[in-house]
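# Structural features, examined
In case you want the letters, here they are:
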Amino acid sequence: SGGEPSLREDLADICSVFQRRCHVGSIHLPSNGQDPERIRSLCLEILRRLPGVRLTLSLSLDGREAVHDRIKASAGSFRRAVQTARSLAPLRREFPRLRLYVITVVSRENQQEVLPLAAWLEESLDLDGHGPSPLRGRPRDPSLAAPTAAEWHGLAAALLPFHRRWLRRGGRSR
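Residues numbered from 1 in each chain as written. Predicted model: local features only at pLDDT ≥ 70, side-chain atom pairs only at ≥ 80, totals over all residues. Heavy atoms only, no water.

### Quick look at empty space enclosed by the protein
Which entries qualify depends on this criterion: As defined here, a cavity is a set of points on a 1 Å grid over the protein atoms alone where a 1.4 Å probe fits but cannot get out. A pocket is an open set with protein on both sides within 12 Å along at least five of seven lines, and residues line them when an atom is within 4 Å of a point. Grid points are joined across faces, edges and corners, and a volume is the space filled by probe spheres set on the points. Elements are defined by DSSP. Helices are runs of H or I of four residues or more, strands are runs of E of two residues or more, and each kind is numbered from the N terminus. Residue type decides the class: Asp, Glu, Lys and Arg count as charged, Ala, Val, Leu, Ile, Met, Phe, Trp, Tyr, Cys and Pro as nonpolar, and the leftover types, Gly among them, as polar.
Within this structure, the stated rule accounts for one cavity of 30 Å³ or more. The volume enclosed by the largest cavity comes to roughly 50 Å³. For the largest cavity, the full set of lining residues is Glu4, Pro5, Ser6, Leu11, Leu29, Pro30, Ser31, Ile39, Leu42, Cys43 and Leu57. For the lining of the largest cavity, the secondary structure elements donating two or more residues are β1 (26-31) and α2 (36-49). Among the residues forming the lining of the largest cavity, the class breakdown is eight nonpolar, two polar and one charged.

Given below as structure tokens:
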């Protein structure tokens with residue numbers, strides 16, 4: 001991974017320069033969601049400074065609370081990410097160009113958790129979608145492995161009803 005973008009004090013400045021020089025209409029920031037106040041503040045600053053840009057924030061959740069905290073090796077990590085999502089969701093009324101997603105890296109360690117997580121997200125958070133993707137590359141922990149092609153195919157098929165519901169709602173849950 002490339003690190004946590006919200007740690008940069010100059011993130012809003014970087015986004016502004018990038019938009020001005022490259023004329024982008026959309027900025028996508030992945031985040032671990034561990035500093036809800038900082039992330040909310042940064043999103044507000046970017047949205048106010050760049051009125052023509054759609055901002056997408058994707059929060060990383062690799063399972064429900066126990067699984068996520070174990071994978072991230074950080075007690076309370078799940079709760080902080082959820083708090084971040086809940087603090088940002090109401091901003092979409094003022095800034096309809098703010099999109100809020102959850103991304104899940106799927107490994108053999110958490111693949112059984114993805115469907116229960118998808119159901120929990122749909123019921124519990126006001127999101128625009130959920131994007132599971134298989135583990136890629138060579139993780140530092142050799143015990144981690146991506147799902148097999150057959151496992152991924154089965155999981156993707158089981159997730160289709162969730163994705164169809166996201167699309168019918170225009171991306172919004174609830």
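### Considerations on the sheet that holds strand β2 (residues 54-60)
Basically, it comes down to this: Pairing between strands is defined by DSSP: at least two bridges between the two strands are required. Axes here refer to lines fitted to C-alpha atoms; in helices the fit is confined to the stretch in contact. Angles between the N-to-C directions go from 0 to 180 degrees. For this analysis, residues touch if any pair of their heavy atoms sits within 4.5 Å.
Taken in spatial order, the four strands make up an open sheet running β1-β2-β3-β4, and their pairing is parallel. Among the strands making up the open sheet, the edge pair consists of β1 and β4 (129-134). Between one strand and the next, the sheet's axes are offset by a mean angle of 25°, whatever the strand orientation. Its contacts with the sheet put α2 on β1, β2 and β3 (98-106), and the angle it makes with β2 is roughly 165°. Of the strands in this sheet, β2 and β3 are in contact with helix α4 (residues 77-88), which crosses β2 at around 155°.

### Considerations on the pairing of β4
When a strand is regular, its side chains alternate between the sheet's two faces. What counts here: By definition, the crossover connecting two strands over a helix is right-handed if that path, from the first strand to the second, turns clockwise as seen with the strands pointing away from the viewer.
Taken together, the six bridges between β3 and β4 define a ladder with parallel strand orientation. Paired with Ile103 across the strands is Gly131, a residue of β4. For the crossover that starts at β3, traverses helix α6 (residues 114-124) and ends in the parallel β4, the hand is right-handed.

### A word on the nonpolar core
Note the following rule: Side-chain atoms within 4.5 Å are what join buried Ala, Val, Leu, Ile, Met, Phe, Trp, Tyr and Cys residues into a set we call a nonpolar core. For each residue, the accessible area found with a 1.4 Å probe, counting protein chains only, is set against the maximum for its type, and the residue is called buried under 20%, exposed over 50%, and partly exposed in between.
Counting residues in hydrophobic clusters, the biggest one holds 40 residues, and the most contacted among them are Ile27, Leu55, Leu57 and Leu100. If you list the elements that add at least two residues to this core, you get α1 (11-22), β1, α2, β2, α4, β3, α6 and α7 (149-168). A total of six residues in this core trace back to one element, the largest contributor, which is α2. When sequence neighbours within four positions are dropped, the list of residues in contact with Leu100 reads Leu57, Leu59, Ala85, Leu88, Ala89, Arg92, Asp126, Leu127, Asp128 and Gly129.

### A word on the environment of Ala85
By secondary structure assignment, the location of Ala85 is in helix α4. Sequence separation between Ala85 and Leu57 is 28 residues, and the spatial gap between their C-alpha atoms is 9.2 Å. Ignoring sequence-local partners within four residues, the contact set of Ala85 consists of Leu59, Leu100 and Leu125.

### A closer look at the packing of helix α3 (residues 65-72) against α4
The cut-off we apply is this: Should an angle fall under 35 degrees it is taken as roughly parallel, and over 145 as roughly antiparallel, whereas 65 to 115 is taken as roughly perpendicular and any remaining angle as oblique.
In the contact formed by α3 and α4, the axes pass within 7 Å of each other and the chain directions differ by 110°. Classified by the angle their axes make, α3 and α4 are roughly perpendicular. Of the residues in α4, those touching α3 at Glu65, His68, Asp69 and Lys72 are Ser77, Phe78 and Arg79. In the contact of α3 with α4, the residues fall into one nonpolar, two polar and four charged.

### A word on the pairing of β1
Burial of β1 is one-sided: the residues Ile27, Leu29 and Ser31 facing one way are buried, the residues Ser26, His28 and Pro30 facing the other way are not. Sheet topology note: the β1/β2 ladder contains six bridges and is parallel. Bridging from a neighbouring strand, Leu29 pairs with Leu57 of β2. What joins β1 to β2 is α2, and the crossover it makes is right-handed.

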